[in-house]
Amino acid sequence: MRLRLIASTPDIEPLIAAAILTTTGSKPSEAYEALRRQPRRAERIVERLEFHHGSVFEHNRLCWLLEAEDEAILELLLRSRFFQLSRLGDERWLMSANLRTVIEYIRQHRDPIAEALLESIGEVAPTVYKRLRGETSK
Amino acid sequence: MRVKLLAYIPSRELLNIAGEMSDLELLSHLAYIFAVEGISRVCSHQLVRHRAASYSQQSQRYVEVERLRDYVVTPKTIEGRGREIFDALIEEASRAYRRLIELGVPREDARFVLPNATETHLMVTMDGRSLLHFFGLRCCLRAQWEIRELADEMLREVRRVEPKLFRRAGPYCYQLGYCPEGRFTCGRMEEVKKRYSSLGYGG
């Protein structure tokens, strides 16, 4: 099984932080613009967030190129129905999901896909990555 | 009402790697994140019925309404004597809300007296395929005016960044070439087609 992140929504962590600030009174467009300019502030907000308050992690999309046998794909879909898959060719798939789906999969499963998913988000959601890495290494 | 597309994945990023793919298949992998500000709770109630989406909405448990009359949406049809009745109710609701807060009633309970006209802000994320369905239903002339305005603004925003991919987006009569509303049809398909063939393309 090989998995490679090929595209993602930009500024994922400022979007998560903006979603939180929206619920507590900020205008989402202003919060987002401010947080893009202050990545450290966005990071602090995301650091404090409980993973089980999952909906704010849904304002994004991650797309991967996945090379896997049909059986592995079926197993993945049985474990989480929120992954979207398109067959590109023999054992080649385009897969996408939001970060909430990824977080829940990683926290619930210890398998090669969970590990590959975690590695793939290191650059696009570094604060979430660090927290999940801390959890899974315990 | 203010609508802004905050972020999205350009379709070319996927097509460059995934190669040939139908628009519908492609759209199901793309997500569009919007800021929606200054809509009424009437509108947001309709919006969140579209379940294949994600929402983060201003909380009335955590956010206290300061001056209600400055934060309400008033339909254009409410004018003259109707406007007097509307404004009086807003004033009364505002007073009742403030009084309850002063009496120590928690915000989460005081908000029970706030009207549907109260403004709200939210962040909305939909994948491209769900957006097509949303436009199909809510750009339709049978949709309520405020959510139709919202759908039109969202359509303008996505057409600005993906003009080709959303060329066929709009109410279902525009997408399908026939009206699926049966006996409830507005009968104005030609007018609607003309509008949605130019909306967001300088029209």
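Predicted, not measured: the structure shown is a model, and the values here were computed from it.

Reading the values: rules and limits
- Residues numbered from 1 in each chain as written.
- Chains lettered and ligands numbered in written order.
- Predicted model: local features only at pLDDT ≥ 70, side-chain atom pairs only at ≥ 80, totals over all residues.
- Helix = DSSP H or I, 4+ residues; strand = E, 2+ residues; numbered from the N terminus.
- Rg over C-alpha atoms; globule rule 2.2 N^0.38 Å.
- Buried ≥ 20, exposed ≤ 12 C-beta atoms within 10 Å, placed from the backbone.
- Contact = placed C-beta atoms within 7 Å.
- Pairing = 2+ DSSP bridges.
- Axes fitted to C-alpha atoms, helices over the stretch in contact; angles between N-to-C directions.
- pLDDT = per-residue confidence, 0-100.
- Domains from an automatic or database assignment.
- Arc of directions from axis to C-beta.
- Parallel < 35°, antiparallel > 145°, perpendicular 65-115°, else oblique.
- Left-handed = near helix turned anticlockwise from the far one by under 90°.
- Nonpolar A, V, L, I, M, F, W, Y, C, P; charged D, E, K, R; others polar.

Points about the overall build of chain A
- When helices and strands are counted, chain A shows seven helices and four strands.
- Secondary structure elements in chain A, listed N-terminal to C-terminal, are β-α-α-α-β-α-β-β-α-α-α.
- Rg of the C-alpha trace for chain A: 15 Å, near the compact-globule value of 14 Å for 138 residues, within the 12% margin.
- Referenced to the eigenvectors of the C-alpha coordinate spread, the extents of chain A come out at roughly 45 × 35 × 20 Å.
- Burial statistics for chain A: of 138 residues in total, 41% are counted as buried.
- Contacts in chain A between residues at least 24 apart in sequence constitute 66% of all its contacts with a sequence separation of at least 6.

Focus: the interface of chain A and chain B
- With 30 residues of chain A at the interface, the matching set in chain B holds 30 residues.
- Elements represented by at least two residues in the side of chain A that touches chain B include exactly β1 (2-8), α1 (12-23), α2 (28-37), β2 (62-67), β3 (84-89) and β4 (92-97) of chain A.
- Ranked by residue count, the leading element in the side of chain A that touches chain B is α1(A), at five residues.

Observations regarding the sheet that holds β3(A)
Residue and element names in this part refer to chain A.
- The four strands lie next to each other as β1-β2-β4-β3, forming an open sheet whose pairing is antiparallel. The open sheet has two edge strands with one neighbour each: β1 and β3. With direction set aside, neighbouring strand axes in the sheet form an average angle of 25°.
- In this structure, β1 lies alongside β2, joined through six bridges in antiparallel fashion. Note on β2: the bridge partner recorded for serine 8 is leucine 62.
- Along the sheet face, helix α6 (residues 112-120) touches β1 and β2 and points at about 35° away from the line of β1.

So, the confidence of the model for chain B
- Averaged over all residues, the pLDDT of chain B equals 94, while 100% of them reach at least 70.
- Among the scores for the predicted complex, ipTM is 0.94 and pTM is 0.94.

Looking at the domain arrangement of chain B
- By the assigned domains, chain B splits into domain 1 (2-59 + 119-198) and domain 2 (68-113).
- Taking the mean C-alpha position of each, domain 1 of chain B and domain 2 of chain B sit 31 Å from one another.

Brief notes about helix α6 (residues 128-138) of chain B
Residue and element names in this part refer to chain B.
- Listed in full, the buried residues belonging to α6 are Gly128, Leu131, Leu132, Phe134, Phe135 and Arg138. Down the axis of α6, the buried set is contained in an arc of 165°. They therefore lie on one face.
- Close packing links the buried residues of α6 with α2 (23-27), β2 (31-40), β4 (119-127) and α7 (145-161).

A look at the packing of α1(A) against α2(A)
Residues and elements named next belong to chain A.
- With their axes 8 Å apart at the nearest point, α1 and α2 run at an angle of 140° to one another. Between α1 and α2, the crossing angle belongs to the class labelled oblique. In the packing of α1 onto α2, the handedness of the crossing is right-handed. Counted together, Pro14, Leu15, Ala17, Ala18, Leu21 and Thr22 of α1 and Pro28, Ala31, Tyr32, Leu35 and Arg36 of α2 form the full contact between these two elements.
- The class makeup of the residues in the contact of α1 with α2 is nine nonpolar, one polar and one charged.

Some points on the environment of A:Ile6
- Structurally, A:Ile6 is set in strand β1.
- In this structure, the C-alpha to C-alpha distance between A:Ile6 and A:Gly122, residues 116 residues apart in sequence, is 13 Å.

Quick look at the sheet that holds β2(B)
- Strand order in this open sheet of four strands is β1-β2-β4-β3 (chain B), and the pairing throughout is antiparallel. A single partner strand is all that each edge strand has here, and the edge strands are β1 (2-8) and β3 (53-57) of chain B. On average, each strand axis in the sheet is inclined to that of its neighbour by 20°, with strand direction left out of account.
- Relative to β4(B), β3(B) runs antiparallel, the two sharing five bridges. Paired with B:Tyr55 across the strands is B:Val124, a residue of β4(B).
- Contacts from α1(A) reach β1, β2, β3 and β4 of chain B within the one sheet, and its direction differs from that of β4(B) by about 150°.

Thoughts on unusual backbone geometry
Residue and element names in this part refer to chain A.
- You will see that aspartate 11, though not glycine, has its phi angle at about 55°, which is positive.
- With respect to the helices, strands and loops of the structure, aspartate 11 is situated in the loop between β1 and α1.
- For aspartate 11, a count of 20 C-beta atoms within 10 Å corresponds to the buried category.
- Positive phi, normally seen in glycine, also occurs at glutamate 91, with a value near 55°.
- Residue position: glutamate 91 is located in the loop between β3 and β4.
- By the C-beta count within 10 Å, which is 15 here, glutamate 91 ends up partly exposed.

As for the confidence of the model for chain A
- On average, chain A scores 94 in pLDDT, and the residues at 70 or more come to 99%.
- By mean pLDDT, helix α7 (residues 126-136) of chain A is the weakest element of chain A at 91, and α2(A) is the strongest at 97.

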